[in-house]
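Residue-level structure breakdown
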Amino acid sequence: MRIPARARWLVGVAAALLFVVLSLRVGPAGAADRPVVRVGVLKFGTVTWELDTVRANRFDEEAGITLQLVELAGNPATQVALQAEAVDVIVSDWLWASRMRAAGTALSFIPYSTAVGALVVPNGSPIRTVGDLKGKRVGVAGSPLDKSWLLLKAAARDRHGLALERDAQAFFAAPPLLNRKLADGEFDAVLTFWPFAARLEAEGMRVVASVADLLAALGLSAEVPALGYVFREEWAVKNPAALAGFQRATARAKTLLADSDSAWDRLTPLMQAENETVRLRLRDRYREGIPRRWGAEEQAAAARLYTLLAGLGGRDLVGDSPVIADGVFWPGPAPNLGP
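Heads up: these notes are all about the structure in this document. (Residues numbered from 1 in each chain as written. Predicted model: local features only at pLDDT ≥ 70, side-chain atom pairs only at ≥ 80, totals over all residues. Heavy atoms only, no water.)

1. Observations concerning the overall build of the protein
Heads up, the condition is: Helix and strand assignments come from DSSP, with helices taken as H or I runs of at least 4 residues and strands as E runs of at least 2, each series counted from the N terminus. The globule rule is 2.2 Å times the number of residues to the power 0.38, and the radius of gyration it is compared with is taken over C-alpha atoms. Relative accessible area decides the class of each residue, using a 1.4 Å probe on protein chains only: under 20% of the type maximum gives buried, over 50% gives exposed, and in between gives partly exposed. Contacts are residue-level and defined by heavy atoms, with any inter-residue pair within 4.5 Å sufficient.
A tally of regular secondary structure across the protein gives 16 helices and 10 strands. By the compact-globule yardstick of 20 Å for 339 residues, the protein fits well, its C-alpha radius of gyration being 20 Å. Dimensions of the protein, computed from C-alpha atoms along their principal axes, come out at roughly 65 × 50 × 50 Å. Of all 339 residues assigned to the protein, the portion counted as buried reaches 50%. Restricting the contact set of the protein to residue pairs at least 6 apart, pairs at least 24 apart contribute 80%.

Next up, the structure:
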């Protein structure tokens, strides 16, 4: 018997919610006057580097909160957990937050990182620009709706007159598989997330263009934070001290990780670096992604980028909202920026 698609979706959501409940890692109870902020994370996700630094240095306590990490299996599980109010904060992008807000779930965004990904090739490759991808085999992390892929296609079209969906061979897969296939010579280039691009760089491969380069080629600010801490507006309104403390604590962690090499030593197990070269490359790329500015100019650039992506990805990417939803960027100063 064929199960209707909606029934399968409901089963999936129920399973994800059950996983959230079973996966809650109970942290220390906050002091009576210290609210607990629950953050949904992936066990070895890069955000744990920052949040683990917060807790190890008691930046959360000094900011008047208790930070609790809730380990989840993947990004969809973190999104389900946030919507189910099983966590207070997750890391996601403003594109998803805006789509949810336009659909009636009021989510808000504050910056976390500008790091996204890069187009990487073997060091001896003849590929020097995006225009050289014609006829090449390109591995892409994610799906045909991946934002980096949409931006690469737009840059290839606008700057080089290429339609990559026709002029190149694109293969969509998980980042670890892409890294192996590039090393084995099965792909000519890969467009992948920044931690995996950093690993390839450490192996001697070459970055042709970062996503920041693609944004610049399209006339957009490269300083737009792609990822941020996303939370329910209702929670933030009811818990202003908790949100403010979270922002202060994560800002101190960013500053420490930007300035101190020794602060990274204790993070080595979380980084899962294959060797010291990889560890240092990951550290440096994380530092480059620390947002330094988040004001009207950057938010306007994000709105322009949203409109561009909406035109490229259509309803499958942004739903029924062709422009960014009002209020998705949390108002006021952003004290969680780096130095």
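After that view of the structure, there is still more to cover.
2. Considering the pattern of salt bridges
Where we set the bar: The salt bridge criterion pairs a side-chain nitrogen of Lys or Arg with a carboxyl oxygen of Asp or Glu, the two atoms within 4 Å.
Summed over the entire model, instances satisfying the criterion amount to 23 salt bridges. A salt bridge links Lys-147 to Asp-93; its shortest N-O distance comes to 2.7 Å. A residue pair is termed long-range when its members are at least 10 positions apart, and Lys-147 in helix α6 (residues 147–160) and Asp-93 in strand β3 (residues 89–93) qualify at 54 residues. With a relative accessible area of 28%, Lys-147 lands in the partly exposed category. Residue classification places Asp-93 among the buried positions, given a relative accessible area of 11%. Beyond isolated ion pairs, a larger network of salt bridges with shared partners links Glu-201, Arg-281, Arg-285 and Glu-288.

3. What to know about the packing of aromatic side chains
Using the following cut-off: Ring geometry is summarised as follows: Phe, Tyr and Trp rings, the Trp one being its six-membered ring, pair when their centres sit within 6.5 Å, and such pairs are stacked at plane angles under 30 degrees, edge-to-face over 60 and tilted between the two.
Inspection of every chain in the model, using the stated rule, returns 13 aromatic pairs. Arranged with centres 5.9 Å apart and planes meeting at 70°, the rings of Phe-109 and Phe-329 form a pair that is edge-to-face. Placement of the pair is Phe-109 in strand β4 (residues 107–113) and Phe-329 in the segment after α16 (315–318), with a sequence separation of 220 residues. Take Phe-109 and Phe-329: they sit in the same class, and that class is buried. An angle of 85° between the planes, with centres 4.8 Å apart, marks the rings of Tyr-229 and Phe-246 as edge-to-face.

4. Looking at the side chain of Arg-279
Of note, Arg-279 is situated in helix α14 (residues 276–288). Judged by relative accessible area, which is 8%, Arg-279 ranks as buried. With residues up to four places along the chain from it excluded, the contact list for Arg-279 reads Trp-264, Asp-265, Thr-268, Met-271 and Ala-273.

5. Observations concerning the side chain of Arg-283
One can find Arg-283 in helix α14. With sequence-adjacent residues up to four places away left out, Arg-283 is seen in contact with Asp-261, Trp-264 and Met-271.

6. Details of the pairing of strand β6 (residues 137–141)
The following threshold applies: One requirement defines pairing of two strands: DSSP has to find at least two bridges between them.
Counting buried positions over the five residues of β6 gives four, a clear majority of the element. In this sheet, strand β7 (residues 169–173) lies alongside β6 in parallel orientation, the contact comprising five bridges. What sits directly across from Val-138, in β7, is Ala-170. Where β6 and strand β8 (residues 189–193) come together, three bridges link them in parallel fashion. If you follow Gly-139 over to β8, its bridge partner there is Val-190.

7. Observations concerning helix α4 (residues 75–83)
Among the residues of α4, those classed as buried are Ala-77, Thr-78, Val-80, Ala-81 and Leu-82. Just downstream of α4, Glu-85 is the residue with a positive phi angle, here 65°.

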